[in-house]
Amino acid sequence: QVQFVESGGGLVQPGGSLRLSCAASRSIFSIGAMGWYRQAPGKQRELVATITNRGSTYYADSVKGRFTISRDNAKNTVYLQMNILKFEDTAVYYCTGDSRDVGGWGQGTQVTVSS
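Notes on the structure in this doc start here. (Residues numbered from 1 in each chain as written. Predicted model: local features only at pLDDT ≥ 70, side-chain atom pairs only at ≥ 80, totals over all residues. Heavy atoms only, no water.)

## Re the overall build of the protein chain
Here is the rule we go by: The helix count covers DSSP runs of H or I at least four residues long, the strand count covers runs of E at least two residues long, and both are numbered beginning at the N terminus. Both definitions apply: the radius of gyration is a C-alpha atom measure, and the globule rule equals 2.2 Å times residues to the power 0.38. Any two residues having at least one pair of non-hydrogen atoms within 4.5 Å are treated as being in contact. Per-residue and other accessible areas were derived by the Shrake-Rupley procedure at a 1.4 Å probe size, with only the shown protein chains allowed to occlude residues.
The number of helices and strands found in the protein chain is zero helices and 10 strands. Reading the helices (α) and strands (β) of the protein chain from amino to carboxyl end gives β-β-β-β-β-β-β-β-β-β. Its C-alpha atoms give the protein chain a radius of gyration of 13 Å, within 12% of the compact-globule value 13 Å for 115 residues. Reported as C-alpha extents along the three principal axes, the dimensions of the protein chain are approximately 40 × 25 × 25 Å. Residue pairs in contact within the protein chain that sit at least 24 positions apart in sequence constitute 55% of those at least 6 positions apart. Carbon and sulfur atoms make up 47% of the accessible area of the protein chain, which totals about 6300 Å².

Structural data, given as structure tokens:
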């Protein structure tokens, strides 16, 4: 089973930036697609971005042009660069992969955008 540990969240002002990291417990080379989800209080968990091993990316309309997902298979790590942050980006961010060997949702990392 592969586990993920998210980090890099914090408190940031509107317009600021953060880079989230997702460290996997073992190789992610065989995981075709990795992705970031987020969940704000009282809302459903939503897909933010995905990236395949071929480098194809997907972004939710709400973050397109502001967020960039990347992966470094050699480091077993996925990143989410978050720029021009808005109040509505406040949420707990989770990392996962498209694999039957992926465990349940981890603790996530809290991102709070506040002035």
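From this point on, the discussion continues.
## Structural notes on unusual backbone geometry
You will see that Asn76, though not glycine, has its phi angle at about 55°, which is positive. Mapped onto the elements, Asn76 comes out in the loop between β7 (67–72) and β8 (77–82). The phi torsion at Ile84 lies on the positive side, around 50°, for a residue other than glycine. Within the fold, Ile84 resides in the loop between β8 and β9 (91–97).

## Overview of the side chain of Asp89
Put simply, the rule is: Only protein chains enter the calculation, and the probe is 1.4 Å; a residue is then buried if its accessible area is under 20% of its type maximum, exposed if over 50%, and partly exposed in between. Side-chain atoms alone can form a polar contact between residues adjacent in sequence; in general such a contact is a pair of N or O atoms within 3.5 Å, and within protein one must be able to donate a hydrogen while the other accepts it.
Relative to the helices and strands, Asp89 is located in the loop between β8 and β9. Of the residues examined, Asp89 reaches a relative accessible area of 0% and is grouped as buried. Only 2.9 Å separates the side chain of Asp89 from the side chain of Arg38, close enough to count as a polar contact.

## Here's the deal with the nonpolar core
Spelled out, the test is: Nonpolar cores are built from buried Ala, Val, Leu, Ile, Met, Phe, Trp, Tyr and Cys residues. Side-chain atoms within 4.5 Å join them into one set.
Counting residues in each nonpolar core, the largest one holds 30 residues, and the members touching the most others are Phe4, Met34, Trp36, Leu80 and Tyr93. Listing elements by their share of this core, those giving two or more residues are β3 (18–24), β4 (33–39), β5 (46–52), β7, β8, β9 and β10 (109–113). Per-element tally for this core: the top contributor is β3, with four residues. Residues within four places of Tyr93 in sequence aside, it is in contact with Glu6, Leu20, Trp36, Tyr37, Arg38, Val48, Phe67, Leu80, Met82, Gly108, Thr109 and Val111.

## Quick look at the pairing of β7
What counts is decided by this rule: Between any two strands, pairing holds if DSSP finds at least two bridges.
Here β7 shows one buried face, formed by Phe67, Ile69 and Arg71, and one open face, formed by Thr68, Ser70 and Asp72. Counting the residues in the hairpin turn of β7 and β8 gives four residues, including Asn76, whose phi is positive at 55°.

## Describing the pattern of salt bridges
The cut-off we apply is this: Salt bridge, as used here: a side-chain nitrogen of Lys or Arg that lies within 4 Å of a carboxyl oxygen of Asp or Glu.
Tallied over the full model, the rule gives five salt bridges. The salt bridge involving Asp89 is made with Arg38; its shortest N-O contact spans 2.9 Å. Here Asp89 is found in the loop between β8 and β9, whereas its partner Arg38 is found in strand β4, with 51 residues between them in sequence. The buried category is assigned to Arg38, whose relative accessible area is 5%. Residue Arg66 is joined to Asp89 by a salt bridge in which the shortest nitrogen-to-oxygen separation is 2.7 Å. A residue pair is termed long-range when its members are at least 10 positions apart, and Arg66 in the loop between β6 (57–59) and β7 and Asp89 in the loop between β8 and β9 qualify at 23 residues. In this structure, Arg66 and Asp89 share a single accessibility class: buried. Taken together, the shared-partner salt bridges in this structure form one network comprising Arg38, Glu46, Arg66 and Asp89.

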